[in-house]
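Each chain, written out:
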Amino acid sequence: MTRPGRRPSLEHGIRRVANDLGFALLWCWILLSLFALPTLFGLPWLGAVLFVIGLVVCWQAVSATTDPVYTVGTKREVRTGRVDSPGVECDECGRSAAGGEYRRYEERRVLFGTTVAVSESGENVYCERCAIDPSDEFYHGDGIERRRQSDADERRALESERS
């Protein structure tokens, strides 16, 4: 999926073709090895069984491929989006998170572009106030900082009344 008003580049198309070709060549080599190795030792039936099992694994790997074929190792990824449902509460302050932001994170083990395991994943939901980090160098305020300051003042006043 491309962003609105943006066309896919030639470089993107060439990378996609190269990635698909690399994936196909890798799995062809694996499948041929699974068939040929037992056959060399005089067990062609075992080669055929391993080939079929390898074909099933290859079929599953096609649907699990999320990264380029040359990707090996641990990948960390965070996806963000807007919260539309009014029934969702903020994980930070407990207010309604409608109009706020959710952040889905995951850490995955990837082998030749195929996700092998997901070691950690989760989701955090924030309201508009909590989603903005005032320590961010690109933060410009627009009244939210004043509201945070007044909330902090209110909390301090309540704590001093309790003491």
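This one's a predicted model, so the numbers in the text were calculated from it and none came from an experiment.

Enquirer: What's the story with the overall build of the protein in this structure? I'm lost.
Expert: Check the secondary structure of the protein and you find 4 helices and 3 strands. Each helix (α) and strand (β) of the protein, taken in turn from the N terminus, gives the series α-α-β-β-β-α-α. Within the protein, the proportion of its 163 residues that are buried is 21%. Here the analysis covers contacts within the protein between residues at least 6 apart in sequence; of these, 53% occur between residues at least 24 apart.

Enquirer: In this structure, what is going on with the pairing of strand β3 (residues 114-126)? I would like to understand it.
Expert: A regular strand carries its side chains on alternate faces of the sheet. By the bridge criterion, 11 bridges tie strand β2 (residues 101-111) to β3 in an arrangement that is antiparallel. For Tyr 105, the partnering residue across the bridge sits in β3 and is Gly 122. If you look at the hairpin formed by β2 and β3, you'll find 2 residues sitting between the two strands, and Phe 112 has a positive phi there, around 50°.

Enquirer: Just to check I follow, could you spell out the pairing of β2 for this structure?
Expert: Across 11 bridges, the pairing between strand β1 (residues 72-82) and β2 is antiparallel. Residue pairing for β2: Arg 82 is matched across the bridge by Glu 101.

Enquirer: Whenever I open this one, helix α2 (residues 44-64) confuses me. Can you help?
Expert: Given 3.6 residues per turn, any residue in an α-helix points the same way as the ones three and four places further on. In this model α2 runs 30 Å from its N-terminal to its C-terminal C-alpha over 21 residues, within 8% of the 30 Å that 1.5 Å per residue would give. Every buried residue of α2 is accounted for by Gly 47, Gly 54, Cys 58 and Ala 61. Buried residues in α2, looked at end-on, bunch into an arc of 60°, giving them a common side. Residues of α2 that are exposed and angled more than 90 degrees away from the buried face: Trp 45, Trp 59 and Ser 63. For α2, the secondary structure elements touched by its buried residues are α1 (10-40) and β3.

Enquirer: Hey, could you run me through the confidence of the model for the protein in this one?
Expert: Regions with low pLDDT should not have their predicted coordinates read in detail. For the protein, per-residue confidence averages 77 on the pLDDT scale, and 77% of positions sit at 70 or higher. Across residues 136-143 the pLDDT falls below 50, and counting only partners more than four positions away or on other chains, this stretch makes 5 contacts in the model.

Enquirer: What's the story with the packing of aromatic side chains in this structure? I'm lost.
Expert: The relative placement of two aromatic rings is captured by the distance of their centres and the angle of their planes. Across all of its chains, the model carries 2 aromatic pairs by this definition. Ring centres 6.4 Å apart and planes at 50° place the aromatic pair Phe 23 and Trp 27 in the tilted group. In this pair, Phe 23 and Trp 27 both sit in helix α1, 4 residues apart, roughly one turn of the helix. Comparing Phe 23 with Trp 27 shows no difference in burial state: the two are buried. Taking the centre distance of 6.3 Å and the plane angle of 75° together, the rings of Phe 35 and Phe 51 count as edge-to-face. Here the residue Phe 35 occupies a position in helix α1, and Phe 51 occupies one in helix α2, the gap between them amounting to 16 residues. Judged by relative accessible area, which is 30%, Phe 51 ranks as partly exposed.

Enquirer: Could you clarify how one ought to interpret a nonpolar patch on the surface in this entry?
Expert: On the surface, Leu 43, Trp 45, Val 49, Ile 53 and Val 57 cluster together into a nonpolar patch covering about 460 Å² of accessible area. With respect to the element layout, Leu 43 can be found in the loop between α1 and α2.

Here is what the cut-offs are and how they apply
- Residues numbered from 1 in each chain as written.
- Predicted model: local features only at pLDDT ≥ 70, side-chain atom pairs only at ≥ 80, totals over all residues.
- Heavy atoms only, no water.
- Helix = DSSP H or I, 4+ residues; strand = E, 2+ residues; numbered from the N terminus.
- Buried < 20%, exposed > 50% of the residue type's maximum accessible area, 1.4 Å probe, protein only.
- Contact = heavy atoms within 4.5 Å.
- Pairing = 2+ DSSP bridges.
- Expected span 1.5 Å × (residues − 1).
- Arc of directions from axis to C-beta.
- pLDDT = per-residue confidence, 0-100.
- Phe/Tyr/Trp six-rings, centres within 6.5 Å; stacked < 30°, edge-to-face > 60°.
- Patch = residues over 30% accessible without salt bridge, like charges linked within 9 Å, V, L, I, M, F, W, Y side chains within 5 Å.
- Areas by Shrake-Rupley, 256 points an atom, 1.4 Å probe, with all protein chains shown as cover.
- Salt bridge = Lys/Arg side-chain N within 4 Å of Asp/Glu carboxyl O.

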